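# Secondary and tertiary structure notes
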Amino acid sequence: MVSGNDAQFDTVVRDGRWFDGTGAPSAVRNIGIKDGHISVISAECLDETDCPNVIDASGKWVLPGLVDIHTHYDVEVLAAPALSESVRHGVTTVLLGSCSLSVIHVNGIDAGDIFGRVEAIPRDHVIEAVDRNKTWSNAGEYIAALESLPLGPNIATFLGHSDMRAAVMGLDRATRKDERPTPGEQAQMDRWLTEALDAGFVGMSSQQLLFDKLDGEICRSRTLPSTYAKPRELRKLKAQLRQRNRALQSGPDIENPLNVLSQAVQSLGIVRKRLSTSLLSAADIKANPYAIRAMGPLARIINKLGGNFRWQHLPVPFQVYADGIDLVIFEEFGAGAAALHLRNEVERNELLRDEKYRRRFRKEYESKFGVRVWHRDFFDAEIVECPDQSVVGKSFGQVGLDRGGLHPVDAFLDLVLEHGTAIRWRTTISNHRPEVLKQLAQDPGIQIGFSDAGAHLRNMAFYNFGLRLLRHVREAQQAGQPFMTIEQAVHRLTGELADWYQIDAGHLRIGDRADLFVVDPEKLDGTLTEYAEHSVAAYGGLSRMVNRNDATVSTVLIGGRAVVIDGQPTGILGKQRTGSFLRAGETARAVSHGEVPA
């Protein structure tokens, strides 16, 4: 028996298969935790005398907490900082500030306009959360405000370019094609970015994707402020990221292949420092099954030439749900965006009845030209809920056939007019081929992430994406067709991401902060993909899509404290601060205990 330098452990995790997050071989080990850090890792039994928390992990895996690199928790963290929907699935670190969106500088109304429609978070709740909680005026004060909250997971963040642009120019000017920031406004954005990087932000996010639209009245249906920036404006901001070796997260204009290519090439250094670039996103899109073939090779070429370029990728089928016509994929073509522009139900229904509008919708639905995300196939869209039970389980295309050969678009619009948001349906728009998912999971030019946690509350739930990748890997091994090891999969979900973004997370070694979770590999099963909903008190009881596989993750520790036990959040989650703000480049406080020889 080994004692931890005669010190009592706060927690002992006994006899679990330990993964350190580096990709190294796993092994059955006993882990001693003291003062929130890993104190001992040993093949021998540890002294459990007077230890208040002993976790029996026999037959289970003990993993570093997962790192979710793409969330939109910027609003929810202010109102409900537990972020329990991610934590309960082993996520112990989340990154905020994605897609050019953050709440560092904008006021509540502008935040509502920027987040509400783009991320499908109720605008009124965005405004309330920001206005009620905002005590900060700069990046450093924002961090202090977060650290005053009872954070569940650890937080790291980007500074959003749309946030800066809207705050310095005003949202109206920031979303006009003929407006540019004045020299003084450009200088202010430069100072704000400097302050954020000094404070420990991981970098900046920008956006060029053109189907994300603003909410509100004054600027409704314009694209995000970042999309109006010219290259010169962005170059000045990117120069800081290059100099400081911080990351740029960006979403390209997918309708312009040159924009995608230029965003990849910008990662190269050549006569300047390289720019660490994470681009949205690598997906096996049904609408264009060949696009994915170019993404991996592009990343490999850029990185071979000296760049530091990565795609972001969700490693599971991208299945989305919708209530009526309320779904962001309709923003990508004119007829769909025109319907979403109208918030008034009477006005929207009048539009949906108009035959001229319907002809336009059918034409755009059938068009084979242009880049698209949605496959626009109503035969591949299943109705899952409707007051008219006769249509449940059918596609809109089949309903059209049943109704005398109606065009699928007319069948869809008729049902929306009949039932509004009471008709709920689903479709899978990408990542539908398991063999392609296997290839993407192994590609070194791809980062595993893109959950969008905290956004699109009624449309999708990928809070447990890490568990679903582990299931895919394990089942392939059991079938005798392995495509990667469990250790490699854990590394891709933890240490690889933390190291790239330069944050202290994703590892489980001596001295590391005790952010870990215990998973039962036998429960990496079909429960991971079952449909579930749960109300969000912070959003007025809105019922959102979630994941519920409570038997899979038995325990989650953050900072050495149990925030999930037996699959259920504990009383301290969201009541006491367990997470920390992770500053880029900082490491954990070292613990003096050493590893005990096996």
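Residues numbered from 1 in each chain as written. Predicted model: local features only at pLDDT ≥ 70, side-chain atom pairs only at ≥ 80, totals over all residues. Heavy atoms only, no water.

### Digging into the overall build of the protein
- Looking only at helices and strands, the protein features 20 helices and 22 strands.
- The C-alpha atoms of the protein give a radius of gyration of 24 Å, which matches the 25 Å a tight globule of 598 residues would have.
- For the C-alpha atoms alone, the extent of the protein along its principal axes is close to 80 × 60 × 50 Å.
- Sorting the 598 residues of the protein into buried and exposed places 61% on the buried side.
- When contacts within the protein are restricted to residue pairs at least 6 apart in sequence, long-range pairs at least 24 apart make up 75% of them. (Helix = DSSP H or I, 4+ residues; strand = E, 2+ residues; numbered from the N terminus. Rg over C-alpha atoms; globule rule 2.2 N^0.38 Å. Buried < 20%, exposed > 50% of the residue type's maximum accessible area, 1.4 Å probe, protein only. Contact = heavy atoms within 4.5 Å.)

### What about a nonpolar patch on the surface?
- Nonpolar side chains collect at one region of the surface, where Leu 258, Leu 261 and Val 265 lie side by side and expose about 270 Å² of accessible area between them.
- Here Val 265 shows up in helix α10 (residues 257–265).
- On the basis of relative accessibility, which here comes to 37%, the residue Val 265 falls in the partly exposed class. (Patch = residues over 30% accessible without salt bridge, like charges linked within 9 Å, V, L, I, M, F, W, Y side chains within 5 Å. Areas by Shrake-Rupley, 256 points an atom, 1.4 Å probe, with all protein chains shown as cover. Salt bridge = Lys/Arg side-chain N within 4 Å of Asp/Glu carboxyl O.)

### Re the packing of helix α14 (residues 355–366) against helix α16 (residues 408–419)
- Interaxial distance between α14 and α16 falls to 9 Å at its minimum, and their mutual angle equals 130°. As summarised for this structure, α14 and α16 are arranged oblique, according to the angle between their axes. In this structure, α14 crosses over α16, and the sense of that crossing is right-handed. Across from Tyr 357, Arg 358, Phe 361, Arg 362 and Tyr 365 in α14, the residues of α16 making contact are Pro 408, Val 409, Asp 410, Leu 413, Asp 414 and Leu 417. (Axes fitted to C-alpha atoms, helices over the stretch in contact; angles between N-to-C directions. Parallel < 35°, antiparallel > 145°, perpendicular 65-115°, else oblique. Left-handed = near helix turned anticlockwise from the far one by under 90°.)

### What to know about the packing of helix α18 (residues 465–478) against helix α19 (residues 486–493)
- Running from N to C, α18 and α19 cross one another at 165°; their axes reach a closest spacing of 10 Å. What the angle tells us is that α18 and α19 run roughly antiparallel. Handedness of the α18/α19 crossing: right-handed. Every residue of α19 that contacts α18 at Phe 465, Gly 466, Leu 469, Leu 470, Val 473, Arg 474 and Gln 477 is listed here: Ile 486, Ala 489, Val 490 and Leu 493.
- Taken together, the residues of the contact of α18 with α19 break down into 8 nonpolar, 2 polar and 1 charged. (Nonpolar A, V, L, I, M, F, W, Y, C, P; charged D, E, K, R; others polar.)

### Remarks on empty space enclosed by the protein
- Scanning all chains against the criterion turns up 1 cavity of 30 Å³ or more.
- Put simply, the largest cavity is a space of about 70 Å³.
- Lining the largest cavity, in full, are Gly 65, Asp 504, Ala 505, Gly 506, His 507, Asp 512, Arg 513 and Asp 515. (1 Å grid on protein atoms, 1.4 Å probe; cavity = no way out; pocket = protein on both sides within 12 Å on 5 of 7 lines; lining within 4 Å. Points joined across faces, edges and corners; volume = space filled by probe spheres on them.)

### Describing the domain arrangement of the protein
- Considered domain by domain, the protein is made up of domain 1 (64–319 + 430–500 + 508–524 + 550–569) and domain 2 (322–426).
- Inter-centroid distance (C-alpha atoms) of domain 1 to domain 2 is 30 Å.
- Contact with domain 2 buries area across many residues of domain 1, yet Phe 211, Arg 220 and Arg 458 alone supply 32% of it, more than any other trio.
- The interface formed by domain 1 and domain 2 holds 6 salt bridges in total.
- One salt bridge in this structure joins Lys 286 and Asp 380, with 2.6 Å as the shortest N-O distance.
- Remark: the boundary between domain 1 and domain 2 carries 9 residue pairs in polar contact (both at pLDDT 80 or more).
- Within the side of domain 1 that touches domain 2, the residues separate by chemical class into 5 nonpolar, 5 polar and 10 charged. (Domains from an automatic or database assignment. Buried area = accessible area lost by both parts, 1.4 Å probe. Polar contact = N/O pair within 3.5 Å; in protein donor to acceptor, adjacent residues only side chain to side chain.)

### Side note on the sheet that holds strand β8 (residues 154–160)
- Spatial strand order, β6-β7-β8-β9-β10-β11-β12-β16: 8 strands in an open sheet with parallel pairing. Of all strands in the sheet, those with a lone pairing partner are β6 (66–68) and β16 (446–448), marking the two edges. Neighbour-to-neighbour, the strand axes of this sheet turn through a mean angle of 30°, independent of strand direction.
- Note that strand β7 (residues 91–96) and β8 share 4 bridges and pair parallel. Bridging from a neighbouring strand, Thr 93 pairs with Asn 154 of β8. (Pairing = 2+ DSSP bridges.)

### A closer look at the pairing of strand β18 (residues 532–536)
- Of the pairings in the sheet, the one linking β18 to strand β19 (residues 542–546) comprises 5 bridges and is antiparallel in character. The partner of Glu 533 across the bridge, within β19, is Met 545.
- Connecting the antiparallel pair β18 and β19 is a turn made up of 5 residues, with Gly 540 showing a positive phi of about 65°.

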